[in-house]
Amino acid sequence: MLELCGARFSSRMLLGTAGYSSPDVLRQAVEISGAEIVTVSLRRESARARTGQGFWALIEQLGRRVLPNTAGCHTAKEAIATAEMARELFGTNWIKLEVIANDDTLQPELFGLVEAATVLCAEGFDVLPYTTEDLSAAERLIGAGCSVLMPWAAPIGSARGLINKPALQTLRAYFPDTPLIVDAGIGTPSHAAEAMEMGYDAVLLNTAIAKAGDPVKMAEGFAKAIEAGRLAYEAGLLEPRDMAFPSTPVAGTPFFKIDHAS
Amino acid sequence: MQILLNGERFATDAHNLDELCVGLGFAQAKVATAVNGSFVAAAARQATHLTEADEVEIVAPRQGG
């Protein structure tokens, strides 16, 4: 079971709700993925279009726990105000905290992230910070009161997979008891499986599923990959070695002769 | 009075944030608000007076990653 901020989940996938071709495709993808947590955002509401009201009806139908984000915020002040609005709007203390440094890379702005996390944790939020693999930032976030860390695999939407695997492994080793979720940059089910094999607790996905040729089928593929990766981690992986090692017993091999020449 | 509503200039006679929200048809809507960069809880909208050039944000749930 995955335990986050005092709640337990059987699925280890968190699924974003953006970019699907239709509400029905989103609904089917969520259902087949088994995801019990879906991410959402808040945006300016037009008095004429009232877009958000219809979307909220869909989210309520899904019946999943919502994890609102602060996507698009560039300062701690913006992120704090957005989190406070999200708490009232969605009725949850959970916040996926994003403070973005750069619109091209969408990389976390770590100084603002720590500043906002400190304020929000003190206000009683359960802060799930979107961060990098940086160890000192991770320590500061935990010091601020975060009980979960969500390092990126690669820039949001880039589909490049785990571009700094050794650093992610170090983070895992350094924080053995902190739930770690790979958030952003996953492109394929094998990337997700790789993160899970490394002992990461969960994976947060959006674009790789929403923009797939068949998002529903891809959601199923990711669900299986995440489960497979977790099972492999729990089972214990074979250490790679430099030389071959026969899997078939050597003893009793027919025609076997000791090679005295070597 | 001119305010900035969701980033656009907007003329209103609303005295407070609650009046503005009701006037826009958001009385029963699922929205959250901020004025001049700070969150304003639903319960505090009536006591939040609006003045010229205030920057008001009214937001609602939306898709997100």
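These numbers come from a predicted model, not from an experiment. (Residues numbered from 1 in each chain as written. Chains lettered and ligands numbered in written order. Predicted model: local features only at pLDDT ≥ 70, side-chain atom pairs only at ≥ 80, totals over all residues. Heavy atoms only, no water.)

### Thoughts on the interface of chain A and chain B
- On the side of chain B, 28 residues touch chain A, which itself brings 30 residues to the contact.
- Summing both partners gives a buried area of about 2,400 Å² for chain A against chain B, and 57% of it is carried by carbon and sulfur.
- One salt bridge in this structure joins R45(B) and E88(A), with 3.6 Å as the shortest N-O distance.
- Between the two partners, chain A and chain B, sit 18 residue pairs in polar contact (both at pLDDT 80 or more).
- The set of elements that each furnish at least two residues to the side of chain A that touches chain B consists of β4 (37–44), α2 (51–62) and α3 (76–90) of chain A.
- Ranked by residues supplied to the side of chain A that touches chain B, first place goes to α3(A) with seven residues.
- Its residues assigned to classes, the side of chain A that touches chain B comprises eleven nonpolar, ten polar and nine charged.
- The pairing of β4(A) with strand β5 (residues 55–63) of chain B spans five bridges and is classified as antiparallel. Note on β5(B): the bridge partner recorded for S41(A) is R62(B). (Contact = heavy atoms within 4.5 Å. Buried area = accessible area lost by both parts, 1.4 Å probe. Salt bridge = Lys/Arg side-chain N within 4 Å of Asp/Glu carboxyl O. Polar contact = N/O pair within 3.5 Å; in protein donor to acceptor, adjacent residues only side chain to side chain. Helix = DSSP H or I, 4+ residues; strand = E, 2+ residues; numbered from the N terminus. Nonpolar A, V, L, I, M, F, W, Y, C, P; charged D, E, K, R; others polar. Pairing = 2+ DSSP bridges.)

### As for the packing of helix α1 (residues 23–33) of chain A against α2(A)
Residues and elements named next belong to chain A.
- Viewed as axis vectors pointing N to C, α1 and α2 meet at an angle of 25°, and their least axial separation amounts to 11 Å. One finds that α1 runs roughly parallel with respect to α2. Pair α1 / α2 crosses with right-handed handedness. Contact with α1, carried on its side by P23, L26, R27 and V30, involves F55, L58 and L62 of α2 and no other residues of that element.
- Residue composition of the contact of α1 with α2, by class: six nonpolar, no polar and one charged. (Axes fitted to C-alpha atoms, helices over the stretch in contact; angles between N-to-C directions. Parallel < 35°, antiparallel > 145°, perpendicular 65-115°, else oblique. Left-handed = near helix turned anticlockwise from the far one by under 90°.)

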